[in-house]
Amino acid sequence: MTDVIKPSGDIGSASSVQQAIPDQVKDFIRTFYKHFLENNVYELHGCYENTFNKLTDKYYTKSAWPDPLTEVAPLVDNDQIFLVLYSEVYYRHIYAKLGPTLEHRTNSYNNYCNLFNLILNHEGGPVTFELPAKWLWDIVDEFIYQFNQFSVFRSKLINKKNLSEQDSAELSFLQQHVEIWSSYSVLNALYSLIGRSKIYEQLTAQRNNLPPSKISEIAGPYGSLTLYKNLGYFSIIGLLRIHTLLGDFTLALKTMEEIELSKKSNFLTRVPGAHFTTYYYAGFCYLMMHRYADAIKTFSHILLYITRIKNISKSGQYDAITKKSEQMYALLTILIGLCPTRIDDVLHNNLKEKFSEQLSKIVKGGEASLKTIEELFAFGSPKFISISLPSFDSPELNIDAIHLHSSVFMVTVKNTVYNNLLKTYLNLYSSMELQKLLNFLESDDTKINNLDELKEVLLAFKLTNTQIKWTETAAVKTATNGEDEEQLPGATSGLLNGESSNVYDFDITINDNLIQIIEMKVARKFSDWFIRNTSKNYFVQDAIRNDRIEETGKEKKDKKTKKSKK
Amino acid sequence: MDNTLVSVPVQRPSDINDILNSLKRYDVSVIKDLEDYLKVQCEQNFSDVNANLALLKLYELSSESLNDEREEATINILLLGLCNFYNIDFELYLHLLPVYVLADVTKFKDLSSEDSSIIQFCSYVNKLKELYVLLTSAKFTKFWSLLKTDDSYQDLVYDSYLADSFDSNIRNLIFNVVYKGYSNNNSQIKSKISSQLLQSYLNLNEADFGKFIESKKFFKINGDHVLINHDAHLIKNDDEEEQKHVSTNAHNSIISSENIKFEQLSRLIKESLEK
């Protein structure tokens, strides 16, 4: 793309040309390049993760890094490959700190095209350089982020009322170049990376416990290299994200077929960003498919993980993580409201701290709860993208995609508006006259006027009281599963699997003008709780003994004897 | 509710299967194949959610303007979704439609006359959504009265590929829902539902209603009520289906047992030995 219009008042190149590059930065770029040539992943990671950020804070908080072509090229022997990689970081910095212009957006897109072309269609087989896993994840992550940003930027421009001269120039440029950041090209890049790395085949082979030699044979000359393998793996997560953003929740979960969510030694945990992204989007897809129990499990798992690592993670990434976890708590609030579930105490407390008011509104039910749910949904959902191109001729049609997704989501939720209220009454009885229930409900100011309408509400309850839930029996059991560990969705096979189950812990049947309530409480498992708390008890005892205060030990002993009976 | 997203309909031909499981699903040239397959689904009265989702997505990706084929296919897909309102098919379809479909069309003031087809299309989708809302909130009587009295709804449904089977599909589904809501597995209690109510749910006249109920095993009209036997069979006659539905209202007490591994207790035992 050479005919990019030059917007005036460019922040990037204009200002940075004037000032010479500080020596420290020059040295850094040279070292960066040296490590790249030496294929030293460890040092590269240091340069990328630490030095770059330090120098950004020192010199480049308000301006762009040195221009790749005019300023950096001479420092690195005009090495095209390194320049593409440097440009990736260069544009990412502009996006994060300065606010990109249309030119930046276009050039960054072209740079990604070059980068992926380089990796996918390198002459003479796979590329030989190696990059840190974190960087590879950032490439995929940023690629999708910029795609997302571009669609926001474009629809803002189209819907703008009073266009300046520059605006209209940009607009006509966009109209002529619809291929820039098109959904097609973005999907194409990710699918190509997956295809090249043969990552699906590799993961299937791993699951079937094939020997390493066999796996690398399957992986082929590209997939057996770490760079391709990692990129392929991250692209799968990228696809999960893109499909979700485009509103295709089914396909999103389907692309995750081969990735095991709950494996302890999971590759995911090594790159925190990838880890959170995966769980957030997988959980969100479940929510959109009204698979509440699965969504709750998925969100709980990752939120617990976040609370555990909160104190050790680096501050740089922490902001993004905090934002995401706030969003997940918001969604979790909706979920707990719609599908009352016991969650971990820590999470419950955090949730109460943030959204207790909203939760009580949702639990109360009624029309007011719907508004709360919509607000939480808007806060917690990702920034959706419309798959098709926006209409340049009729800007009115370019509505933010969230309105569509939110109103579709609410269609089913609206049917649950009486469920929580019904629950409070039905929990008290094993059978009751419908007339009696009607009287109760009338006193609650509901809009149910007669028995026939009540029967409709009850049938609707019956309809909303089912959800698909991931179950172990639906999945293929593997021998390595720990029996006592609660299984996350997709622990052993595809995330889409599942069987029908109830949302509430009771069910109803109607018999003319009588209603029967069937309790289906699942007995809680006590052993784990028991063992954990006994250990805790010992721990407290030890602490007390060490402090040489032995008087209080008596009380604990009582507890112990009680437990030993069991 | 069945998990229709993982099951592959037996009727799916292998070439469609190829398309769905490869990158061909993004190739505009397969639109025709998927449209033809959609017709087959309507004629043979089954639905393949994944194939239809792929078609809707392709329409969006190709950024093709709203032509007649696209409009027709979309409406038929949504009707198929209605015929499965028990699952969330319909919602999944809606998520993949153009972003403006559910917007308030009266607010589009500046649209040129060529866009009138868009407004028309939006109103169709909104109508179908309205029907879906009535079905999922179990307002069956209202559903039928809207469908049968409003011409615009009639045109929408009875000009489609599904014209012949739509009524009976929906009727059977409603019957299923009623069955689920009213049956129980207690042999002491025979459930019943007022004939009049059920008749209005199903939108049948006296004679047809009698025939309909007669065709269902274990259902009997008794005076002004319909009796539902506790081990009643479902309208669909394949055994698997029956098994599944009969068991849902079963009230089985669950005996829960827990397995505790010896290792888990090792710390506790160690502690007590040390004392």
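These lines cover the structure that appears in this document, whether it is placed above or below. (Residues numbered from 1 in each chain as written. Chains lettered and ligands numbered in written order. Predicted model: local features only at pLDDT ≥ 70, side-chain atom pairs only at ≥ 80, totals over all residues. Heavy atoms only, no water.)

**Side note on the overall build of chain B**
Then comes step 1: Each helix and strand counted, chain B has 13 helices and three strands in total.
Then comes step 2: Within chain B, buried positions represent 51% of all 275 residues.
Then comes step 3: Within chain B, contacts between residues separated by at least 24 positions form 62% of all contacts whose residues are at least 6 apart in sequence.
Then comes step 4: Here chain B displays about 13,100 Å² of accessible surface, and carbon together with sulfur accounts for 48% of that area. (Helix = DSSP H or I, 4+ residues; strand = E, 2+ residues; numbered from the N terminus. Buried < 20%, exposed > 50% of the residue type's maximum accessible area, 1.4 Å probe, protein only. Contact = heavy atoms within 4.5 Å. Areas by Shrake-Rupley, 256 points an atom, 1.4 Å probe, with all protein chains shown as cover.)

**So, the environment of R267 of chain B**
Then comes step 1: As for its position among the elements, R267 of chain B is in helix α13 (residues 266-274).
Then comes step 2: Accessibility expressed as a relative area gives 37% for R267 of chain B, which makes it partly exposed.
Then comes step 3: Beyond its immediate chain neighbours, meaning those up to four positions away, R267 of chain B contacts S535, Y538 and F539 of chain A.

**Structural notes on the sheet that holds strand β2 (residues 219-222) of chain B**
All names here are of chain B.
Then comes step 1: Taken in spatial order, the three strands line up as β1-β3-β2 in an open sheet, and their pairing is antiparallel. Lying at the two open borders of the sheet, with one neighbouring strand each, are β1 (191-194) and β2. The sheet shows a mean angle of 30° between the axes of neighbouring strands, taken without regard to direction.
Then comes step 2: Where β2 lies against strand β3 (residues 225-228), four bridges are found, and the strand directions are antiparallel. Counted as the bridge partner of N222 is H225 from β3.
Then comes step 3: Packed onto the sheet, helix α11 (residues 206-215) meets β2 and β3 and runs at close to 140° relative to β2. (Pairing = 2+ DSSP bridges. Axes fitted to C-alpha atoms, helices over the stretch in contact; angles between N-to-C directions.)

**Details of the packing of aromatic side chains**
Then comes step 1: With the rule as written, the count across this model stands at 46 aromatic pairs over all chains.
Then comes step 2: The interplanar angle of 85° and the centroid separation of 6.5 Å between the aromatic rings of Y233 of chain A and F234 of chain A together place this pair among those described as edge-to-face. Here Y233 of chain A and F234 of chain A have matching classes, each one buried.
Then comes step 3: An angle of 80° between the planes, with centres 4.9 Å apart, marks the rings of Y280 of chain A and Y281 of chain A as edge-to-face.
Then comes step 4: When its relative accessible area of 0% is taken as the criterion, Y280 of chain A is described as buried.
Then comes step 5: One residue, K127 of chain B, lies across the ring of Y153 of chain B, its end atom 5.8 Å from the ring centre.
Then comes step 6: Positioned above the aromatic ring of W144 of chain B is the side chain of R171 of chain B, whose terminal nitrogen or guanidinium carbon lies 5.3 Å from the ring centre. (Phe/Tyr/Trp six-rings, centres within 6.5 Å; stacked < 30°, edge-to-face > 60°. Lys NZ or Arg CZ within 6 Å of the ring centre and 35° of its normal.)

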